[in-house]
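Tertiary structure, described
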Amino acid sequence: MNHQLIQTIKQICTKGITSITTPVYWNITLFVLSILMLGGFDLLYYQHLYHEYKTCDILSGYAEMIFMAYLINVVCYLLRKTRIHLLLYVILFVVYIVNFYLRYSFGTDISPKILLLMFETNTKEVSGFFKTYMMTDGMLKTVGAFVIVLTMIIIGERFKKVISKRLDLPVVRCLLTVFLLTGVICGATAIGRYAGLIRCRNTYEAERWLMNIPFRYGMPMPNLCYSLNAIHLAGQDLDNMIAATENAIKDVSCENGDSLNIIVVIGESYNKHHASLYGYPLDTTPYQCEEQANDRLCAFNRVKSPHNMTSIVIKNVLCCNNVHEAERWYDFPYFPAIFKNAGYDVWLWDNQYKWNPDAAWAFTLNSVMFNERIQQLSYTAINDSGAPYDGGLITDFEKKTKGRLGKQNLIIFHLGGQHFLATTQYPHVPEYQVFTAKDVKDDAPYLNDESRQRIAEYANATRYNDAVIHQIMTMVKETNALLVYFPDHGEEIYDYRDFYGRQILSQDKITPELIRNQIEIPFIVWCSEKWKQSHKTEWETIMQAADREFTTDNVCHMLFHLAGIKTKSYQAERDLLSPDFIPQTKAYNMLSL
């Protein structure tokens, strides 16, 4: 009885193992090379270079590759059509080579912008591209990968039966079964993940989908699927926002007949607790402190960003929605267009436009700010190039707009600020290399010489940012001018743990410490002496609002108020300076972040 039971179990196991492994043995070359072309080498190489992944992230990535490779083998085995077999090889090979070139030439993966460029490129541009990049290191690596992988495909397909026969041993089949079951079971979560991408209703959700894949760098398929979907969704979002904007500008006016320059300066990755303006021990904001002492600058104390990711923040800041009321940017008008149609000249000088245009966040942001129709509706002029440092951007603005500014102007500067790594954001000259690791007196046990040096570099970048703000103030100080400064979000710089940067979305718990360093931001209003003397009551109102709780996605209402613009988009309860203002005390949670 026991002997028969054992034999039955053996037969069942043998049949099971055979059924599971047969699709792989049918073409083991396709299985192995599918894993390779899905990112098998590049995932490990990325980890070797940057050490960003946790072990569980790497294992999850490989599980997904095994699952996809096995699925490809099963489909080919069941259909046994040479054309299907060849088509899958071509798709995998082309996607892999394109992504390989992008990663090792430009440090990026397949992105929506890359796909759009490929779709729109003509044969003349292709010829020019190859002439420019033919002998670069990235191109040579790509040619090498092309030859090696193609050779492996040809040789593997030629000898696949021999390879399968030699590996067709009981022990190998058992080990392969365990390998496949582990990979397929763990990697099957990809089904739910890619179904989630299909369910995304807008670029906001699609961008979050990609950012929540911890092993996305070096793996072409998640980036390809996101890019294809994002191109489709971006069109829908933009159409909605453009329609809302065109409707909003039909009925706008300006009651202010005086000349006025309103400057909105959007910084980057600025932790307010590293500003001497807010009590930091190092003298990182000498110019702003001087302006505050002269009663021309008001520093607000309880202002937060609506998010900790640049693209999400900027879109919600530039549109008239409120994130905490579950309002989405694409359903509301773009406020610079309202200014322009109220009679203001609107100038946009952006120092991040050319930074990394192929990244997911850059595509979703730039497709909004620099959409052709939005440019027509919103701007008098925009910059055509960036600068290595933010001071150069301001100099370029002064040069390009000299003699062109109108009676009333809205000037928007989007700076590089203190973006990671901060040491790259300021000129390395004595004037701005003020602080070193020795100046950092924090005695936290997790700090070492390297982390103290990074804190010092962040302090230098903050001091340079102060100089850039002063440069803007100097540019307009003889005019009737108001300046509003705030960054997109904060940044952690070893403030309460051994960490520098931001944790995006669900990769970190939302704690009071995280809110304090990543979400709380500096927010200042500065006025020229000329404006102050003729608007003493308004300046007093600004000073009295310094302790109101506010989020920057509602800044447009305050700007409408200051500019004297009448529009249906204005809501007094969201205007920081209005007597009807309702403090924004909404709690941050995983739905709002």
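Attention here is on the structure that accompanies the text. Note that this is a predicted model, so its numbers are computed, not measured.

In terms of regular secondary structure, the protein chain is built from 23 helices and 13 strands. Dimensions of the protein chain, computed from the C-alpha atoms along their principal axes, are close to 100 × 55 × 55 Å. For the protein chain, buried positions account for 55% of its 593 residues. Long-range contacts, defined here as pairs at least 24 residues apart, represent 79% of the contacts in the protein chain between residues at least 6 apart. When the accessible surface of the protein chain is split by element, carbon and sulfur atoms take 59% of a total near 27,100 Å².

What follows deals with the packing of aromatic side chains. By the definition in use, this model includes 27 aromatic pairs. Centroid distance Tyr-432 to Tyr-464: 4.9 Å. Interplanar angle 80°. Geometry classified as edge-to-face. Taken together, the residues span a long stretch of sequence, with Tyr-432 in the loop between β7 (408-414) and α19 (449-476) and Tyr-464 in helix α19 at a distance of 32 residues. Here the two residues Tyr-432 and Tyr-464 agree in accessibility, since each one is buried. Taken together, the ring pairs in this structure connect Phe-41, Tyr-45, Tyr-96, Phe-100 and Tyr-104 into an aromatic cluster. Above the ring of Phe-499, the side-chain terminus of Arg-497 is found at 4.8 Å from the ring centroid.

Once that is clear, we can look at the side chain of Thr-142. Relative to the helices and strands, Thr-142 is located in helix α7 (residues 137-158). A polar atom in the side chain of Thr-142 sits 2.7 Å from the backbone oxygen of Gly-138. Those residues within four positions of Thr-142 in sequence are excluded, and the remaining contacts are Ile-97, Phe-100 and Tyr-101.

Before going further, it helps to spend a moment on the pairing of strand β11 (residues 523-527). The buried fraction of β11 amounts to five of the five residues, a majority that puts the element mostly inside the structure. Burial along β11 is two-sided: Phe-523, Val-525 and Cys-527 and Ile-524 and Trp-526, pointing in opposite directions, are all buried. Relative to β11, strand β8 (residues 481-487) runs antiparallel, the two being bridged by four bridges. Looking at the pairing, Val-484 lines up with Val-525 of β11.

So, on to α19. With 28 residues, α19 should cover 40 Å at 1.5 Å per step; its first-to-last C-alpha distance of 41 Å lies within 8% of that length. In this structure Asn-448 caps α19, since a side-chain oxygen of it lies 3.1 Å from the backbone nitrogen of Glu-450.

A word on the packing of helix α11 (residues 203-211) against helix α14 (residues 310-318). How two helices sit against one another is set out by the angle between their axes and by the gap between those axes. At a minimum axis distance of 11 Å, the contact between α11 and α14 shows a crossing angle of 165°. One way to sum up the angle between α11 and α14 is to call them roughly antiparallel. Every pair of crossing elements has a handedness; the one defined by α11 and α14 is left-handed. Contact with α11, carried on its side by Thr-203, Tyr-204 and Glu-207, involves Ser-311, Ile-312 and Lys-315 of α14 and no other residues of that element. For the contact of α11 with α14, a count of residues per class yields two nonpolar, two polar and two charged.

Turning our attention to the nonpolar core. Core analysis: the largest hydrophobic core is formed by 62 residues, its most contacted members being Phe-339 and Phe-523. Listed in part, the 55 residues of the second largest apolar core include Ile-58, Ile-114, Leu-197 and Trp-209.

This paragraph deals with unusual backbone geometry. The step from Phe-420 to Leu-421 runs through a cis peptide bond, and the omega angle for that step is -15°. Considering the arrangement of structural elements, one finds Leu-421 in the loop between β7 and α19. Phi is positive for Ala-326, which is not a glycine, with a value near 60°. Here Ala-326 shows up in the loop between α14 and α15 (335-341).

Summarising burial for β8: seven of the seven residues are buried, a large majority. Taking every second residue as pointing to the same face, both faces of β8 are buried, with Ala-481, Leu-483, Tyr-485 and Pro-487 on one and Leu-482, Val-484 and Phe-486 on the other. With seven bridges joining them, strand β2 (residues 260-267) and β8 adopt parallel strand pairing. Pairing of Ile-263 across the sheet is with Leu-483, part of β8.

Reading the values: rules and limits
Residues numbered from 1 in each chain as written. Predicted model: local features only at pLDDT ≥ 70, side-chain atom pairs only at ≥ 80, totals over all residues. Heavy atoms only, no water. Helix = DSSP H or I, 4+ residues; strand = E, 2+ residues; numbered from the N terminus. Buried < 20%, exposed > 50% of the residue type's maximum accessible area, 1.4 Å probe, protein only. Contact = heavy atoms within 4.5 Å. Areas by Shrake-Rupley, 256 points an atom, 1.4 Å probe, with all protein chains shown as cover. Phe/Tyr/Trp six-rings, centres within 6.5 Å; stacked < 30°, edge-to-face > 60°. Lys NZ or Arg CZ within 6 Å of the ring centre and 35° of its normal. Polar contact = N/O pair within 3.5 Å; in protein donor to acceptor, adjacent residues only side chain to side chain. Pairing = 2+ DSSP bridges. Expected span 1.5 Å × (residues − 1). Axes fitted to C-alpha atoms, helices over the stretch in contact; angles between N-to-C directions. Parallel < 35°, antiparallel > 145°, perpendicular 65-115°, else oblique. Left-handed = near helix turned anticlockwise from the far one by under 90°. Nonpolar A, V, L, I, M, F, W, Y, C, P; charged D, E, K, R; others polar. Core = buried A, V, L, I, M, F, W, Y, C linked by side-chain atoms within 4.5 Å.

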